[in-house]
Each structure stands twice: as C-alpha cells, then as structure tokens.
Amino acid sequence: MVKVVKFGGSSLADAKQFQKVAGIIRADLTRRYVVASAPGKRNAHDEKVTDLLLQCYKLAKDKKDVTPTFEKIADRYRGIIKDLALDYSLEEEFAGIKTALLHHAGSDYIASRGEYLNAKLLAKFLDFPFIDAEDCICFQENGLLDAEETNRELTSLLSMHEYAVIPGFYGILPDGSIKTFSRGGSDITGSIVAAAAGADLYENWTDVSGMLMADPRVVNDPRPIEEITYRELRELSYMGASVMHEEAIFPVRKAQIPINIRNTNDPGAPGTMIVPKAKSNVVPTVITGVAGKKGITAIHVEKEMMNSEVGFGKKVLEVLENYNVSFEHLPSGIDTMSVLVANKAIEEFKGAITADMVKKVNPDSITLVENLALIAIVGRGMVNTMGTAARVFSALANAEINVRMIDQGSSEQNIIVAVDEKHYRRSIEAIYNEFVK
Ligand code: ASP
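Residues numbered from 1 in each chain as written. Predicted model: local features only at pLDDT ≥ 70, side-chain atom pairs only at ≥ 80, totals over all residues. Heavy atoms only, no water.

A.B. asks: Honestly, the sheet that holds strand β12 (residues 365–378) in this entry has me stumped. Any pointers?
C.D. replies: Adjacent strands of a sheet pair through backbone hydrogen bonds, lying either parallel or antiparallel. Here we have five strands laid out as an open sheet, ordered β11-β10-β12-β14-β13, and antiparallel in their pairing. Strand pairing shows two members of the sheet lacking a second neighbour, β11 (336–342) and β13 (403–408), which therefore form its edges. Adjacent strand axes in the sheet meet at a mean angle of 35° when their direction is disregarded. Alignment of strand β10 (residues 289–302) against β12, held across 11 bridges, turns out to be antiparallel. Paired with Lys293 across the strands is Leu374, a residue of β12. Strands β10, β12 and β14 (414–420) of the sheet are contacted by helix α8 (residues 230–238), whose axis makes an angle of about 65° with β10. Those strands touched by helix α13 (residues 388–398) are β12, β13 and β14, and its axis lies near 20° from that of β14. (Pairing = 2+ DSSP bridges. Helix = DSSP H or I, 4+ residues; strand = E, 2+ residues; numbered from the N terminus. Axes fitted to C-alpha atoms, helices over the stretch in contact; angles between N-to-C directions. Contact = heavy atoms within 4.5 Å.)

A.B. asks: Would you take a moment to explain the site of the ligand for this structure?
C.D. replies: The environment of the ligand is formed by Ser37, Thr50, Glu115, Phe169, Arg183, Gly184, Gly185 and Ser186. Take Arg183: an N or O atom from its side chain is 2.6 Å from an oxygen atom of the ligand. In the model, an oxygen atom of the ligand is placed 3.0 Å from a nitrogen or oxygen of the Ser186 main chain. Taking 260 Å² as the accessible area of the ligand by itself, protein coverage stands at 91%. Split into classes, the residues belonging to the shell around the ligand amount to one nonpolar, five polar and two charged. (Near = heavy atom within 4 Å. Polar contact = N/O pair within 3.5 Å; in protein donor to acceptor, adjacent residues only side chain to side chain. Areas by Shrake-Rupley, 256 points an atom, 1.4 Å probe, with all protein chains shown as cover. Nonpolar A, V, L, I, M, F, W, Y, C, P; charged D, E, K, R; others polar.)

A.B. asks: Looking at this structure, how should I read the pattern of salt bridges?
C.D. replies: For the structure on display, the rule yields 28 salt bridges. Arg217 serves as the salt-bridge partner of Asp215, at 2.8 Å between the closest nitrogen and oxygen. Residue classification places Arg217 among the exposed positions, given a relative accessible area of 65%. A network of salt bridges, in which partner residues are shared, links Lys3, Asp28, Arg31, Glu203 and Arg262. (Salt bridge = Lys/Arg side-chain N within 4 Å of Asp/Glu carboxyl O. Buried < 20%, exposed > 50% of the residue type's maximum accessible area, 1.4 Å probe, protein only.)

Have a look at this one:
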C-alpha cells in the first residue's frame, strides 16, 4: 500500500501546523511520499509566502528595495525552524534567492522558492529525503507538462526512496529554467506523484473536512460529501465549487486512483472520497451537490424552420469562434437556439456578435438576456430516481423563482437551470433545502 499525501499552505503555515502534519504522516507508514506547498496564511489577515515572493519579484523589477518584504519571507521560515527547535539553517538559501532576485531571475523561479524552502524544511523535520521537483516534473517548451518524461524521471527517483518530500507547484523547462503551474498548483504535483508512484490513494490535506454539498457562503452549514465520483466533481467544480485545483484530477483519474480530501486540523474526520466509480448509485439525498455561477448571458436566436436548415447551429457558433468566445451551454428548441456564454467573454463585442449572426443566419429575432446565473444540480443518484426534475422545479416555483432555461446533461447526472442572477442565492437554498434538509 502506498499513499501520496499533499499538504496545502495552511497545513504548513507555522510550527504548530508542521507538528500536526508530522503526526499525520507518522500515524500511517504507508504515507510515503509527501508533497508540500509554501507556507500559507496563519490567520485571515496574514500573507501567503507565494504572494510575498511575487511582491519581491515586482519590487526587484521596478528597481525598488526588496529587503523588507524579503525579510518577512525569511522570518516565516526562521520562525518555524526556531519553534520546532531544529538544528537547521536556510540562511545560505535565502542569500542565494535574494541574489537571484536582484539579478532579475524569472517570476516563476522566484514564486517556486516558497515550496522549495518549505519542502526542504519538512524533509529535515521528518528526516525524509528531499527530492527536488526540478529533477522530475518536466514541462515541454510550450509550457505544457511533459507527462512521459515526468513519469520516467519520477518513477526512477521514487524507486530509489522509500519515503520522500517533494515540493509542489513547479518543475523544469527543457532549457533548464523553472516553471510553475497556475496558482494552487501543488495539488497537480501531488496528483502526478500519486500516478507515478502507482499509489493506492492520493490524500489531499487541507483546512476543510472535505467537499460540501453547497457553498457555505450561500447555505448555512452545508453537509459534507462523503463520496463523489470524478465525473460529479467535474460538473460541480466547473460550476465554481472548488476544493482543489481543477486540473489536479486528471493524472489520478487516468490511473484510477481515488483522492481523499482531508482536514489537517481535524484528522479524525473521514473527509471526502473522490472515486472513479462509487460504491453505490443509491444516494439518500438523491443529489450529490448543488453549485452555480453568475455572470451569464443567453443569446436567443429564433427562426422559423431552423430545424430543417442544415448547418444553422454551426454558423451561429462560428460567429462566436471568430471572437474567441467559448460557450457554456447550448439548449435548443425546434425554432430556437440559445447559446449561453459568460458576460465577460462577450461584453466588448456584443454589438458586433449580434450583427454578424444576423448577417450569417438571417434569424427572425435575436435577443440577449444578460445577468443570468446557472445552477447545476449534480448527482449520480438522479439517474434512477424518478421525479427529481419535478422536485427541482417545484422547489424553485415555491420560492417564487422563474426558471429561464433548463438543460439536462446527457449523462443524466446533472440538471442545469438558468435563473436571474438576483435569484442565485435563493435558488441554491431552495434546492438544497428540498433535497437535503
Ligand atoms: N503556493 C502556491 C500558491 O499559493 C501553490 C500552492 O499552494 O498550491 O498558489
């Protein structure tokens, strides 16, 4: 049994958190490969080390004094070393990074040092070997991960170590320079390491006890999700529910490795299991979760006999393509077609897009409805349960919410409704209360 464990920034923000992390790792000998983030916030007013590093980069670029900000970073690590009473010094590393800053090293290199230093420190504290991500996470020249090369390097390095700490978030380009993933990317490193190690489980330790059935800012004290499939997770995270980096599921999904989201501050809680296939498709609440996003515009195109006009839809979508706009959903009727897009994506070219559509397909009418919200009701339990849609719509009707559009995914695992943005909260509450409360 091999587990790969990734600890997020808040789990490694200070010495107290380091102690908790060490406790978790030592409690299970199969937790062999540890991926570390940079120190995160210790409280709501604190700053993440990665943000401070990026500030330093900007200061150096603007030829301003980096010392006060750089010292804040160094002090974070010095504090951890002192509070853990470690016989260890990172002073030489600090000096090297500061020199690199003053010599205008790249922003990715600078940003990556938070993980590098923290992983070194954690390796020392755990007495585990340190494997640098620059020796095994390989990017292609175009900036995309070189999955094959990475797998080769990682497999060979991991086979030499029974236990190891690896910094998250970055890797190396063919020219030898450092490249980072997008923010929050240590989750991706963890997933890549889990796949290369052929792990039985990828544990992603954070500061919440798993994924919740709804956004806690919208619904009061939502229930945690015990088990969710990769597919359901994709649907919910696309709609804005986030528990880890969106791209982190791909490497483990391919290798069919489950992910367990756990809470460093409450290690007894089982958290959420993200699995390729659920134990059962019978879910007591029927739905697995509800999530939504605001800022949507619907473009309604209407034309009699549209249905029999070959290539109609293609022409409409081509116009969007010309403006580099991707669509979110595409519900259609016999003589109507609606394209849902993000407000932001079309805001600059609204007029031009409608004019081009008129030219291309000569519709009877074309209308734009702005400021809609999409709400996704997601769950494998819906497939075999009759009446789910009826419950969704009566819950919304009872809350006096007008449904502007309906779309059911072909997987039958999601129902998507569009409502006026001002009803976003109320819609989510109504649906949550209908199925969960
Ligand atoms: N430290 C990086 C960030 O703050 C990466 C991570 O924590 O996953 O985005």
